[in-house]
Amino acid sequence: MTATESPRQADFSLEADQESVRDTFSAFFSRESPVSLVRECEPSGFDSDLWAKLSDLRVIAMAVPTAQGGDGAGWVDLVLLTEQWGRTLAPIPLAESIVATRAVAAGGADVPGEWLESAIAGERLLTFAHHPAVPGKPQLVQAGAVADAVVALVEDHLVLASSESELAIVRNQGRTPMAWWEIAGPETDSVVLASGARARELFAAAKREWRLLMAGALVGMTKGALDIALAHARDRVAFGVPIGSFQAVAHPLVDVAMDLEMARRITWKAAWWADRDPACEHQLIPMAYLFAEEAAVRSATVGVHTLGGVGFTVEADEQLFFRRAKGWTLMAGDPLAELDVIADFVLGSIRDNGALLGVPA
Amino acid sequence: MNFDRLELDESTRAFCGEVFDFLDEHLTEEVHQEEWETGAGHNVAFHKALGERGWILPTWPEENGGAGLGSLEAAILERELAVRYAPTITKGTTTLVLSAVVRSGGDDLKEEVLPGVASGDICFCLGYTEPDVGSDLAAVKTRAIRDGDEWIVDGQKMFTTGAQNCQYAFLVTRTNPDVAKHKGITMFLCPLDGVEIQAVHTLGGERTNMVFFDSHRIDDRYRLGEVDKGWEILMGPLNAEHGMGDGDRPELEQRGGMYGGANVEALRVAIEWAHDLESDGGCPADDPSTRRRLARVALDLEAMSCAPGPMGRIISSEYFIRDAADLIDLVGARGLLERGEHGSVGNGWLEYCHRFAQGTATYGGTTEVHRNIVAERMLGLPRSSR
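As the structure is a prediction and not an experimental result, all values here were calculated from the model. Residue positions are given per chain, counted from 1 along the sequence in the order it is written. Starting at A for chains and at 1 for ligands, labels are handed out in the order in which the entities are written. pLDDT decides what is reported in this predicted model: residues at 70 or higher carry local features, side-chain atom pairs at 80 or more are listed and counted, and totals for whole chains, interfaces and linings draw on all residues regardless. With hydrogens and water excluded, all non-hydrogen atoms of the structure serve as input to the side-chain values.

1. A look at the interface of chain A and chain B
Now for step 1: Residues count as neighbours in contact if any of their non-hydrogen atoms are within 4.5 Å of one another. Facing 62 residues of chain A, the contacting portion of chain B comprises 53 residues.
Now for step 2: By buried area we mean how much accessible surface two parts lose on assembly, using a 1.4 Å probe and totalling the loss over both. Of the roughly 5,800 Å² buried at the junction of chain A and chain B (both faces included), carbon and sulfur atoms supply 64%.
Now for step 3: The rule for a salt bridge is simple: a side-chain nitrogen of Lys or Arg has to be within 4 Å of a carboxyl oxygen of Asp or Glu. Where chain A packs against chain B, one counts seven salt bridges.
Now for step 4: Between Arg276(A) and Asp4(B) there is a salt bridge; the shortest N-O distance is 2.0 Å.
Now for step 5: By the criterion applied in these results, polar contacts are pairs of N or O atoms within 3.5 Å in which, for protein atoms, one can donate a hydrogen and the other can accept it, and in which residues neighboring in sequence qualify only through two side-chain atoms. Where chain A meets chain B, there are 22 residue pairs in polar contact (both at pLDDT 80 or more).
Now for step 6: Each helix is a run of DSSP H or I of at least 4 residues and each strand a run of E of at least 2, with the numbering of both proceeding from the N terminus. Counting only elements with at least two residues in the side of chain A that touches chain B, the list comes to helix H8 (196-235), helix H9 (247-276), helix H10 (284-306) and helix H12 (338-353) of chain A.
Now for step 7: No other element matches H9(A), which puts 18 residues into the side of chain A that touches chain B.
Now for step 8: In terms of residue class, the side of chain A that touches chain B is made up of 37 nonpolar, nine polar and 16 charged. Each residue gets one label: Ala, Val, Leu, Ile, Met, Phe, Trp, Tyr, Cys and Pro are nonpolar, Asp, Glu, Lys and Arg are charged, and the others, such as Gly, are polar.

What follows is the structure, given as structure tokens:
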């Protein structure tokens with residue numbers, strides 16, 4: 001620390017309006033997406049009524065900047081929203097549609113107005129292809145079976161492509177409406193949102209934004225799965241005592257609770273920096289995503305085992321979390337690949353200025 | 001929510017300058033070298049220099065030996081001492097105990113010790129655990145038996161770190177063996193004159209102690225609080241040590257958690273090593289597997305910085321243990337070389353961390369005990385059957 005550098009604050013408290021965002025969506029998802037709905041929507045993993053209710057709340061519009069026709073909520077608000085989505089496993093492709101709509105909104109003048117307006121309003125559902133599309137080679141697209149169009153990078157263009165025919169759901173562990181989609185290039189009637197460097201920039205931004213939103217959702221999943229396991233550990237009696245009094249049962253739950261707290265705080269911090277100065281503290285988004293992904297998987301796994309044999313039955317709600325902890329994320333690839341991104345920041349920065357993550361040189 | 005750097009006004013910036021100048025002058029290479037050799041966690045000259053500035057009790061008024069600092073300035077001071085790895089273990093135990101002395105000590109006792117604490121002439125250690133007690137503090141066997149205006153103390157304390165530099169121990173004694181274990185405990189600020197102190201050296205290079213009380217007579221004025229009500233007196237400092245302290249201080253980032261200073265430095269050393277050119281012109285930082293492992297440690301550091309309270313206490317030591325082992329593996333044989341040896345990495349820092357990290361899982365109660373605290377107090381799980 002040099003004489004000009006003052007200490008960083010670590011204030012994780014929510015502002016009153018952020019608390020109200022959290023409480024509003026907590027109540028909304030608890031009310032509108034009970035676990036019975038999650039089950040009813042299997043295996044498709046999509047509920048159009050729930051989607052319509054969220055559209056009435058202008059949830060997609062929240063995520064679009066005001067200059068582009070949206071309501072311009074900040075990233076902290078958005079991760080508070082996705083935490084509640086993940087906590088309740090609500091059957092809608094929220095993160096994909098937000099990043100796809102944001103990309104369309106950022107795409108500029110060539111986007112037909114009705115696409116943008118209807119996407120912001122939630123009348124048309126957009127999704128996002130995580131990997132560059134190769135013409136002639138279909139890729140698995142999250143929500144591909146229920147989306148009206150997909151935002152994809154094809155060669156050097158970011159396109160908005162619709163499918164000629166309705167795509168069939170591919171049955172999958174996460175019970176999501178994924179589909180094989182052969183994404184057409186710009187030579188067809190796809191809308192070109194951007195080309196060249198701008199296209200690659202928007203694609204990279206969408207991937208980053210999806211990770212931040214999903215970090216929030218995974219925090220919520222960690223919480224949802226932990227709550228089920230804690231309730232069971234408090235109530236279930238074996239050998240004459242509640243099983244939560246056994247350290248072999250309690251301590252893994254403590255580990256999950258610690259993961260939850262850390263995952264939530266890294267996610268909030270990443271979101272705060274994304275609002276504040278997106279060019280700063282970039283390593284926080286891959287960190288938040290990877291940490292929260294591992295937390296959610298651990299929470300669901302520990303949870304299934306805390307419930308014992310019952311946890312392995314389909315009657316147990318815990319298995320719904322187990323399926324989705326990976327089922328909602330693997331579309332983006334191996335979570336451990338985030339370490340490569342983190343390494344670029346960590347190992348790059350020491351060559352640049354001798355300082356690492358605020359550590360004195 | 002706020003993660004910006006603090007905006008410091010002119011007087012606070014000037015204060016930072018004073019802290020830097022002070023540390024440049026007093027926290028010398030000789031002080032670090034002495035600490036390396038003794039592992040005492042304390043340096044008499046450095047501690048007294050802090051006392052002269054009123055920085056042992058920085059928020060106390062100047063007339064009481066403090067420096068009248070605000071809580072922000074005090075937090076800046078503490079953070080800088082940690083970042084620069086100043087030997088402040090005994091300062092830490094002294095101030096931890098002080099609140100109990102102020103709250104529960106008699107006026108003549110306070111008169112006897114407070115000025116000396118502020119000046120750095122008097123230090124306190126923790127007379128907590130015993131050979132057969134471990135983390136189950138309420139099971140102490142050291143007896144204190146009343147004899148008129150005096151008490152006769154018999155027993156043995158373990159891990160009384162800093163006792164050789166302290167004048168008093170914050171002593172947990174059993175005064176009534178016939179009631180439930182939490183109910184027969186009395187606390188003393190026990191003078192250590194004439195008490196046998198035996199050094200115990202740790203894997204981490206620290207010196208701690210065994211302390212033997214053999215019919216050790218102390219005046220009743222050294223008692224803190226009521227007889228047999230010691231457990232309540234003990235809880236204040238104990239909670240603070242468990243990371244459940246007061247919420248008044250400004251929330252400053254503690255990078256890498258409780259043992260962040262050592263941990264952050266370990267990653268910095270490993271990153272520096274990773275950029276050393278090898279004979280073929282490449283460097284370890286070009287290797288994808290090395291990159292991932294360093295990234296994992298960086299992620300651990302971020303997570304540790306974010307873990308609150310007793311969770312932070314568990315995480316900062318367990319991640320430290322894991323990361324220290326991984327970093328020394330990564331570096332290989334050179335990582336084993338000690339401070340001062342030719343070819344050592346980071347002047348032996350990883351070698352040191354790999355040993356030192358182990359003890360952190362026991363300090364202030366083991367991480368397992370802290371898991372029980374989290375389970376029962378934060379998660380509402382039933383009390384463990386132990």
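Let us keep going from here.
2. Describing the sheet that holds strand E6 (residues 191-195) of chain A
The strands making up a sheet are joined through hydrogen bonds of the backbone, oriented either antiparallel or parallel.
Residue and element names in this part refer to chain A.
Now for step 1: Strand order in the open sheet formed by four strands is E1-E3-E4-E6, with mixed pairing between adjacent strands. Edge strands, defined here as strands with exactly one partner in the open sheet, are strand E1 (126-128) and E6. Ignoring strand direction, the axes of neighbouring strands in this sheet form an average angle of 25°.
Now for step 2: Sheet topology note: the strand E4 (residues 157-161)/E6 ladder contains four bridges and is antiparallel. Across the sheet, Leu160 pairs through a bridge with Val191, a residue of E6.
Now for step 3: Axes here refer to lines fitted to C-alpha atoms; in helices the fit is confined to the stretch in contact. Angles between the N-to-C directions go from 0 to 180 degrees. Running at roughly 100° to E1, helix H6 (residues 94-107) makes contact with E1, strand E3 (149-154), E4 and E6 of the sheet. Here a strand pair is declared whenever DSSP counts at least two bridges between the two strands.

3. Focus on the nonpolar core
Now for step 1: Residues belong to a common nonpolar core when they are buried Ala, Val, Leu, Ile, Met, Phe, Trp, Tyr or Cys residues joined through side-chain atoms within 4.5 Å. Burial classification: accessible surface area is computed with a 1.4 Å probe over protein chains only, and a residue below 20% of its type maximum counts as buried, one above 50% as exposed, and the rest as partly exposed. Judged by nonpolar contacts, the single largest core of 170 residues is most densely connected at Trp85(A), Ile92(A), Leu158(A) and Ile183(A).
Now for step 2: Of the residues forming this core, the biggest block, 18 residues, is contributed by H8(A).
Now for step 3: In terms of nonpolar packing, the next biggest core, distinct from the first, is built from 70 residues, Leu23(B), Ala100(B), Tyr128(B) and Ala144(B) among them.

4. Concerning the domain arrangement of chain B
All names here are of chain B.
Now for step 1: Assigned domains within chain B: domain 1 (8-87), domain 2 (124-241) and domain 3 (261-378).
Now for step 2: Where each domain begins and ends follows an automated or database-derived domain assignment. Placing the centre of domain 1 and that of domain 2 at their C-alpha centroids yields a distance of 29 Å.
Now for step 3: Carbon and sulfur atoms make up 43% of the surface buried where domain 1 meets domain 2, a total of about 350 Å² over both sides.
Now for step 4: Contact with domain 2 buries surface across domain 1, with Gly39, Ala40 and His42 losing the most and accounting together for 74% of the total.
Now for step 5: Summed over the shared surface of domain 1 and domain 2, the result is zero salt bridges.
Now for step 6: Here domain 1 and domain 2 share one residue pair in polar contact (both at pLDDT 80 or more) between them.
Now for step 7: In terms of residue class, the side of domain 1 that touches domain 2 is built from two nonpolar, three polar and no charged.

5. Some points on unusual backbone geometry
Residue and element names in this part refer to chain A.
Now for step 1: The residue after Glu42, namely Pro43, is reached through a cis peptide bond having omega 0°.
Now for step 2: Examined against the element boundaries, Pro43 turns out to sit in the loop between helix H2 (35-40) and helix H3 (48-56).
Now for step 3: Even without glycine at this site, Arg175 takes up a positive phi of about 55°.
Now for step 4: Secondary-structure assignment places Arg175 in the loop between E4 and strand E5 (179-181).
Now for step 5: Take Arg175: its relative accessible area is 25%, and that puts it in the partly exposed class.

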